[in-house]
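Listed below are the residues making up each chain.
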There are 4 protein chains.
Amino acid sequence: MRLGVLTSGGDAPGMNAAIRAVVRQADALGHEVYGIYRGYQGLLESDWAPLATRSCANILQRGGTILRTARCPELHHPERRAEAAAKLRKVGIEALVVIGGDGSFRAAEALHREHGIACAGIPGTIDNDLPGTDRTLGFDTALNTAVEAIDRIRDTASSHGRLFLVEVMGRSSGMLAVHTAIACGAEAVLYPESPNDTYESLVSQLHANWIRGKRSSIVVVAEGDGVGNAVGVGERLKRDYGLDLRVVVLGHVQRGGSPSALDRIWGSRWGSEAVRRLVAGERAFYLGEVGGVLAVQPMARILDPHPVPPKDLGALVSVLAR
Amino acid sequence: MRLGVLTSGGDAPGMNAAIRAVVRQADALGHEVYGIYRGYQGLLESDWAPLATRSCANILQRGGTILRTARCPELHHPERRAEAAAKLRKVGIEALVVIGGDGSFRAAEALHREHGIACAGIPGTIDNDLPGTDRTLGFDTALNTAVEAIDRIRDTASSHGRLFLVEVMGRSSGMLAVHTAIACGAEAVLYPESPNDTYESLVSQLHANWIRGKRSSIVVVAEGDGVGNAVGVGERLKRDYGLDLRVVVLGHVQRGGSPSALDRIWGSRWGSEAVRRLVAGERAFYLGEVGGVLAVQPMARILDPHPVPPKDLGALVSVLAR
Amino acid sequence: MRLGVLTSGGDAPGMNAAIRAVVRQADALGHEVYGIYRGYQGLLESDWAPLATRSCANILQRGGTILRTARCPELHHPERRAEAAAKLRKVGIEALVVIGGDGSFRAAEALHREHGIACAGIPGTIDNDLPGTDRTLGFDTALNTAVEAIDRIRDTASSHGRLFLVEVMGRSSGMLAVHTAIACGAEAVLYPESPNDTYESLVSQLHANWIRGKRSSIVVVAEGDGVGNAVGVGERLKRDYGLDLRVVVLGHVQRGGSPSALDRIWGSRWGSEAVRRLVAGERAFYLGEVGGVLAVQPMARILDPHPVPPKDLGALVSVLAR
Amino acid sequence: MRLGVLTSGGDAPGMNAAIRAVVRQADALGHEVYGIYRGYQGLLESDWAPLATRSCANILQRGGTILRTARCPELHHPERRAEAAAKLRKVGIEALVVIGGDGSFRAAEALHREHGIACAGIPGTIDNDLPGTDRTLGFDTALNTAVEAIDRIRDTASSHGRLFLVEVMGRSSGMLAVHTAIACGAEAVLYPESPNDTYESLVSQLHANWIRGKRSSIVVVAEGDGVGNAVGVGERLKRDYGLDLRVVVLGHVQRGGSPSALDRIWGSRWGSEAVRRLVAGERAFYLGEVGGVLAVQPMARILDPHPVPPKDLGALVSVLAR
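In this text, all values refer to a predicted model and were calculated from it rather than measured experimentally. (Residues numbered from 1 in each chain as written. Chains lettered and ligands numbered in written order. Predicted model: local features only at pLDDT ≥ 70, side-chain atom pairs only at ≥ 80, totals over all residues. Heavy atoms only, no water.)

Comments concerning the overall build of chain A
Alright, step 1. Scanning chain A for helices and strands turns up ten helices and eleven strands.
Alright, step 2. For chain A, the C-alpha radius of gyration of 22 Å lies close to 20 Å, the compact-globule estimate for 322 residues.
Alright, step 3. Projecting the C-alpha coordinates of chain A onto the three principal axes gives extents of approximately 70 × 40 × 35 Å.
Alright, step 4. Classification of the 322 residues of chain A by burial places 63% in the buried group.
Alright, step 5. If you take every contact in chain A between residues at least 6 apart in sequence, the share linking residues at least 24 apart comes to 74%.
Alright, step 6. Element-wise, carbon and sulfur atoms account for 51% of the exposed surface of chain A, whose accessible area totals about 10500 Å². (Helix = DSSP H or I, 4+ residues; strand = E, 2+ residues; numbered from the N terminus. Rg over C-alpha atoms; globule rule 2.2 N^0.38 Å. Buried < 20%, exposed > 50% of the residue type's maximum accessible area, 1.4 Å probe, protein only. Contact = heavy atoms within 4.5 Å. Areas by Shrake-Rupley, 256 points an atom, 1.4 Å probe, with all protein chains shown as cover.)

A short note on the pattern of salt bridges
Pairs can form between side chains of opposite charge whenever their charged atoms are close.
Alright, step 1. All told, the structure shown has 93 salt bridges over all chains when counted by the stated rule.
Alright, step 2. With a closest N to O distance of 2.0 Å, Arg80 of chain A and Glu74 of chain A form a salt bridge.
Alright, step 3. The shortest N-O distance in the salt bridge between Arg106 of chain B and Asp102 of chain B comes to 3.2 Å. Placement of the pair is Arg106 of chain B and Asp102 of chain B together in helix 4 (residues 102-115), with a separation of four residues, close to one helical turn.
Alright, step 4. Its relative accessible area of 37% is what places Arg106 of chain B among the partly exposed residues.
Alright, step 5. One network of salt bridges, in which partners are shared, links Glu273, Arg276, Arg277 and Glu282 of chain A. (Salt bridge = Lys/Arg side-chain N within 4 Å of Asp/Glu carboxyl O.)

What about the relation of the copies chain B and chain A?
Alright, step 1. Mapping chain B onto chain A calls for a screw motion: a turn of 180 degrees about the axis and a shift of 0.0 Å along it, with 0.0 Å RMSD after fitting. What the superposition gives is, in effect, a two-fold axis relating one chain to the other. Taking C-alpha positions as the reference, the residue of chain B nearest the rotation axis is Gly291 of chain B, at 1.6 Å.
Alright, step 2. Mapped onto chain A, 100% of the interface residues of chain B are again interface residues, and the two copies thus contact each other with one and the same surface. (Least-squares fit on C-alpha atoms with pLDDT ≥ 70 in both.)

Some words on the sheet that holds strand 4 (residues 95-100) of chain B
All names here are of chain B.
Alright, step 1. Strand order in the open sheet formed by seven strands is 3-2-1-4-5-10-11, with mixed pairing between adjacent strands. For this open sheet the edge positions go to strand 3 (48-50) and strand 11 (293-298), each flanked by a neighbour on one side alone. In this sheet, neighbouring strand axes are inclined to one another by 25 degrees on average, regardless of whether the strands run parallel or antiparallel.
Alright, step 2. Examined bridge by bridge, strand 10 (residues 284-290) and strand 11 share six bridges and lie antiparallel to one another. From the neighbouring strand, Leu287 faces strand 11, where its bridge partner is Val296. (Pairing = 2+ DSSP bridges. Axes fitted to C-alpha atoms, helices over the stretch in contact; angles between N-to-C directions.)

Observations concerning the packing of aromatic side chains
Alright, step 1. Enumeration over the complete set of coordinates arrives at eight aromatic pairs over all chains.
Alright, step 2. Their ring planes at 50 degrees and their centres at 5.1 Å tell us that Phe105 of chain B and Tyr286 of chain B sit as a pair that is tilted. Placement of Phe105 of chain B in helix 4 and of Tyr286 of chain B in strand 10 is noted, with a sequence separation of 181 residues between them. Across this residue pair, the class does not change: Phe105 of chain B and Tyr286 of chain B are buried.
Alright, step 3. Judged by centre distance (5.3 Å) and plane angle (45 degrees), the rings of Trp266 of chain C and Trp270 of chain C are tilted. (Phe/Tyr/Trp six-rings, centres within 6.5 Å; stacked < 30°, edge-to-face > 60°.)

Thoughts on the domain arrangement of chain A
Residues and elements named next belong to chain A.
Alright, step 1. Entries for chain A in the domain assignment read domain 1 (2-138 + 259-303) and domain 2 (139-255).
Alright, step 2. Computed over C-alpha atoms only, the centres of domain 1 and domain 2 are separated by 34 Å.
Alright, step 3. Listed by partner, the interface residues are 17 residues for domain 1 and ten residues for domain 2.
Alright, step 4. Summed over both sides, the interface between domain 1 and domain 2 buries roughly 1100 Å², with carbon and sulfur atoms accounting for 49% of that surface.
Alright, step 5. Three residues stand out in domain 1 for area buried against domain 2, namely Ile126, Asp127 and Asn128, and they jointly supply 45% of the buried area on that side.
Alright, step 6. Linking domain 1 to domain 2 there are eight residue pairs in polar contact (both at pLDDT 80 or more).
Alright, step 7. Within the side of domain 1 that touches domain 2, the residues separate by chemical class into six nonpolar, six polar and five charged. (Domains from an automatic or database assignment. Buried area = accessible area lost by both parts, 1.4 Å probe. Polar contact = N/O pair within 3.5 Å; in protein donor to acceptor, adjacent residues only side chain to side chain. Nonpolar A, V, L, I, M, F, W, Y, C, P; charged D, E, K, R; others polar.)

Thoughts on the UniProt feature "active site" (unreviewed entry) in chain A
Residue and element names in this part refer to chain A.
Alright, step 1. Annotation from UniProt places "active site" (unreviewed entry) at Asp127.
Alright, step 2. Within the fold, Asp127 resides in the loop between strand 5 (118-123) and helix 5 (139-160).
Alright, step 3. With residues near it in sequence (within four places) discarded, Asp127 still touches Phe139, Gly170, Ser173 and Met175. (UniProt positions renumbered as here; feature names shortened; annotations may be inferred.)

Let's talk about a nonpolar patch on the surface
Alright, step 1. A surface patch of nonpolar side chains, amounting to about 180 Å² of accessible area, comprises Val231, Val247 and Val249 of chain A.
Alright, step 2. Examined against the element boundaries, Val247 of chain A turns out to sit in strand 9 (residues 245-249). (Patch = residues over 30% accessible without salt bridge, like charges linked within 9 Å, V, L, I, M, F, W, Y side chains within 5 Å.)

So, the sheet that holds strand 4 (residues 95-100) of chain C
All names here are of chain C.
Alright, step 1. With mixed pairing, the seven strands of this open sheet are ordered in space as 3-2-1-4-5-10-11. With partners counted over all chains shown, the strands left at the sheet margins are strand 3 (48-50) and strand 11 (293-298), one partner each. Adjacent strand axes in the sheet meet at a mean angle of 25 degrees, parallel and antiparallel pairs treated alike.
Alright, step 2. Pairing geometry for strand 1 (residues 2-7) and strand 4, over five bridges, is parallel. Counted as the bridge partner of Thr7 is Ile99 from strand 4.
Alright, step 3. Against the sheet, helix 3 (residues 78-91) contacts strand 1, strand 2 (32-36), strand 3 and strand 4, and its axis sits at roughly 25 degrees relative to strand 3.
Alright, step 4. Across the sheet, helix 9 (residues 261-279) lies against strand 1, strand 4, strand 5 (118-123), strand 10 (284-290) and strand 11, angled at about 150 degrees from strand 10, the strand it touches most.

Points about the UniProt feature "binding site: Mg(2+)" (unreviewed entry) in chain A
Alright, step 1. UniProt marks Asp102 of chain A with the feature "binding site: Mg(2+)" (unreviewed entry), using the numbering shown here.
Alright, step 2. Apart from residues lying up to four places away in sequence, Asp102 of chain A is in contact with Leu130, Ile302 and His306 of chain A.

Let's talk about the packing of helix 7 (residues 199-211) of chain C against helix 8 (residues 230-241) of chain C
All names here are of chain C.
Alright, step 1. At a minimum axis separation of 12 Å, helix 7 and helix 8 run at an interaxial angle of 60 degrees. What the angle tells us is that helix 7 and helix 8 run oblique. As helix 7 runs across helix 8, the sense of the crossing is right-handed. For the pair helix 7 and helix 8, the contacting residues are Tyr199, Glu200, Leu202, Val203 and Leu206 in the first and Val233, Arg236, Leu237, Asp240 and Tyr241 in the second.
Alright, step 2. Of the residues belonging to the contact of helix 7 with helix 8, the class tally is seven nonpolar, no polar and three charged. (Parallel < 35°, antiparallel > 145°, perpendicular 65-115°, else oblique. Left-handed = near helix turned anticlockwise from the far one by under 90°.)

Section: the interface of chain B and chain A
Alright, step 1. The partner chain A presents 44 residues to the 44 residues of chain B that form the contact.
Alright, step 2. Together, the buried faces of chain B and chain A total about 3500 Å²; carbon and sulfur atoms form 56% of this surface.
Alright, step 3. Looking only at chain B, the three residues that lose the most surface to chain A are Ile265, Leu320 and Arg322 of chain B, adding up to 18% of its buried area.
Alright, step 4. The tally of links from chain B across to chain A stands at six salt bridges.
Alright, step 5. Two residues, Arg269 of chain B and Asp312 of chain A, come together in a salt bridge whose shortest N-O distance is 3.5 Å.
Alright, step 6. There are 14 residue pairs in polar contact (both at pLDDT 80 or more) connecting chain B and chain A.
Alright, step 7. Contributing elements (two or more residues each) for the side of chain B that touches chain A: helix 1 (15-28), helix 5 (139-160), helix 6 (175-184), helix 9 (261-279) and helix 10 (311-320) of chain B.

Notes on the pairing of strand 4 of chain C
Residue and element names in this part refer to chain C.
Alright, step 1. The buried fraction of strand 4 amounts to six of the six residues, a majority that puts the element mostly inside the structure.
Alright, step 2. What you see with strand 4 is no split at all: Ala95, Val97 and Ile99 on one side and Leu96, Val98 and Gly100 on the other are buried throughout.
Alright, step 3. Of the strand pairs in this sheet, strand 4 and strand 5 are connected by six bridges, and their pairing is parallel. The residue of strand 5 that forms the bridge with Ile99 is Ile122.
Alright, step 4. Traced from strand 4 through helix 4 (residues 102-115) to strand 5, the parallel crossover comes out right-handed. (Right-handed = clockwise from strand over helix to strand, strands pointing away.)

Side note on unusual backbone geometry
Apart from glycine, the bulk of residues carry a negative phi angle, and the bulk of peptide bonds sit in the trans form.
Residues and elements named next belong to chain A.
Alright, step 1. Positive phi is not limited to glycine here, since Ser46 has a value of about 50 degrees.
Alright, step 2. Tracing the backbone shows Ser46 in the loop between helix 2 (39-44) and strand 3 (48-50).
Alright, step 3. In this structure Ser46 comes out as partly exposed when scored by relative accessible area, which is 31%.

Some details on helix 7 of chain C
Residue and element names in this part refer to chain C.
Alright, step 1. In a regular helix each residue adds 1.5 Å, so 13 residues correspond to 18 Å; helix 7 covers 19 Å between its end C-alpha atoms and thus fits that length.
Alright, step 2. For helix 7, the complete set of buried residues consists of Tyr199, Leu202, Val203, Leu206 and Asn209. For helix 7, the angular spread of buried residues about the axis comes to 125 degrees, placing them on one side.
Alright, step 3. Where the residues of helix 7 are buried, they touch strand 6 (163-168), strand 7 (188-190), strand 8 (217-222) and helix 8.
Alright, step 4. Note on helix 7: the residue one or two positions beyond its end, Gly213, has a positive phi of about 100 degrees. (Expected span 1.5 Å × (residues − 1). Arc of directions from axis to C-beta.)

Focus on the environment of Asp240 of chain C
Residues and elements named next belong to chain C.
Alright, step 1. Mapped onto the elements of the fold, Asp240 is located in helix 8.
Alright, step 2. Under the relative-accessibility criterion, Asp240 is labelled partly exposed at 37%.
Alright, step 3. Looking at Asp240, its side chain comes within polar contact range of the side chain of Tyr199, at 2.8 Å.

This is the structure in structure tokens:
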């Protein structure tokens, strides 16, 4: 059996671990793997080549993806999906492993529904915002990267007795923001799913800390929070209260880096499991972790609503900031 | 209400996160916390002092424990436990938060059973070997430390085409060894709970890799594996096959360091939860993570058998080493 | 003899190493040290306290400064300097160790010239822009932090075949930018002292790389470069050529963090040497590293022009980017 | 002109930076580079291939050496050197860049003296023990790795109030040991060139610290110190004083890892300079850093005695340990 594997959407640490596991598990079972470069874009351009087990040496510890990645809006058009399916059939790729997020899985779901291409999804996005799984590849690494960066900022915040607003990734999800806030001991957190964390509640919280004697504060702000992003919130605080604050936008630093142990382990487990299931004849599913164990979801489940950060974590931030 | 908190047994990253959460959650609820130094040893010596919320500033990110720790075999004697309970009563400490492992919880269980001291346990040991929880404080940090160290060793192994045996902690548990092996892409792993991973099977696996063209290999060995520790296995391989191998014992490097995001988050959550439950009148329990969510176990559950590493992880190591 | 020590200006990793060495060397020679909090601001407010050798335990590895720091424009006024000198005399502080940069040394120079206060300067600034020394505390750490961050960005740049503009600190100095560019293998660098690195030369360099087949590029931009900062350059490139690029401003992440080995060693050496010289009666000097060995400069030398990055390093960037 | 490049002896972080610079500088000047695999061993086996500039992409940040390395005692025999020279001539390699240490340079010196092969040496060894240079590739990285490891151990040492003996690399050189000791704030250091640091002086120093109230201590021991290595010293201390101490041998963890900024910069500068000088007709030299600037030494200088660690650094350790 010939399988294809591609990475799609934003790159995430752990994608290489998954690619390696796909290739080596397939080899162990006597099957062949084609690497498809630059996601669905490469698929449309037949940009692929066989991946030998040796070509996966020393990639487990690398960030990014050796298959490169791209966003491919073209695949929203049914005719381009038909084209993609035809190309796969022609070269004899019977099943596809798609490593990516939301949009990548939706495309896979359509490829299967419309053209019968067997598809397995491996959750790869630092946002950790997919339904049906507690974890996505890259989240744990991005979380640790953000926390390490804020540990450094804390040194300066303490030395100067200063307020810092730090923006982390998560355009529509506060998962990274709220976990980062707990782990770096932030004084407050703002994120999209939390309607009560308003500008006013932030101000009163900072005020309470100041009364309590805290001279330095870190506020974690998700990219897409309702109050306005870190730069916007910062401008408003400066204007309203003349605070001597600093804004740091962590940006793409959060996306790369050698994957954490957890991301390597789950990338490895999912890559192996995806192949075993495709080889056994399963057709349209994606993998995840639910309750600490490996879970399998029907691909159509990707259309469910996104998970939201646990409420008690948000509340815990202010308790621990005393 | 006056609570006491102590750390006991081997230190583990994340203990300070738990101490901070205990102190600040108690403060938020209007209760007072005494820090007890050097574990049960300090308890027997009345070595304690009130912990203010401000004294927990900037400790979240520190390894080790600000309360220091010790092993205290004396507490195995019922008369010393009576003494300990009397001292706690005298100073007005009504409930105890014990951060530690197996032995520390057993002592807490006895203190409660024999003397009615309310005790909450927070799992703190890098070994991840407690019944009733999928995770213990320090395990994720130690895992990442071991993996980073082996990433470095891999550079040399590849450059020289050489075999390395790397010993990780875990005298009676292979948890750290098997997770490390997956995450660092080890060629093989030896750990106590795996009776089939014999010296002979290791030899045949290394031989198969050599035939396949692999010139460098990493074998992860748990401290207490059945075959003999890393130095022992190394000696035998040298004697039997004249292999040019190197042995590295990671040792205490694995125990310290700034805690990972996960260890900080769980330390924070457990510290907060322990206080809320003690204050609400619960008496003898320990906290854990089961299926991704916070779990509560009766303290007596610590007498259950230790968990063992998932079998499929062990098998995955050799599939991925192709 | 009673000495005072303060940190002033922006905080820099290694300042705590210097403080520790000042205190312990003074103790070894039988002298006493007062820690002055928040730089010259604290001096004006008599915000100081004796520093015991024990209070310097476990600070060597911490970023920031335990004495906290501040900028103090007031000290530009001669009458405030007279006030400062009077306060020092009153509490019996006979000599001052000033850890900071340019402005901090100028203030020390004036304090000595006008009021006879003995002053020793220890270069502490991540900018590495002081005359008379090849190195300042914090530079090596900030350099490594910037390089690690760009290593992560490189993962994403390679995965997406994308151009990144990364802004590093250095408002008037390209030292950090040019060293970072070599160390991270940047395709180009823009910094203030390099008049030939124009927008046009950047464009032609990126074009040449593209022809040569390079699909991803990293350009390092100093905060204050002549072409316009990273955001500005990025806007212009997007407008003129429609490039799909990303901008990352590393910002305050570069300032904190545990100091590198070199910064700890030089902080320790300088702190010890400053005390030995003050105790021996020297009056107005600062320390540095010239040609690999510890150097001493008269305090007035701080008025000399700033050093500029070696020209050959800038040229090397484009050779190595082939 | 066709140049050859090889790495020889123990691998060191920064070797890949140097290889990359050799290849790209040669390309910039219109010359060709052959990569010779596994050091002189590969040279004797004609194990080489042209190295394209593209093959050096993304290696700057990798530890180890993409050319692999080996020790090659055979090259001590004049007849094997004649053989090597003949093979180089046959394939048209006119000049050799040798990245390695002491022994590797001696072999290069003989190849030039006996057979007229032009040779440039780039110092690559974590031991920093070559005459004529203040720095060798890998030393700064190994130093930081050792310091980070000991920072972790310090957490446990403080938590338990315990003595740790930590052995760092350096069979005949205390360079790494003494710099590590200053940078990690060790209480004492033992290294081969320091005859006064006896077992007795160590004991009295530890005793003085204990009196002063220090409950935890770190002693850094060089692999080859006169007193006996860390395990030996530890046994003796246990036997003589019943101390509850722990021994950690850092071992090969120190050798790998992503190179520090400094090692990348010097690898890049030296690689570029070696090519420019060989192309300009220079014949037998090696590069170094003296007084902060790039230095060139005649290859025969490698026969000079090894440098020893600065005496004042050793003395500083005990002053700062107060």
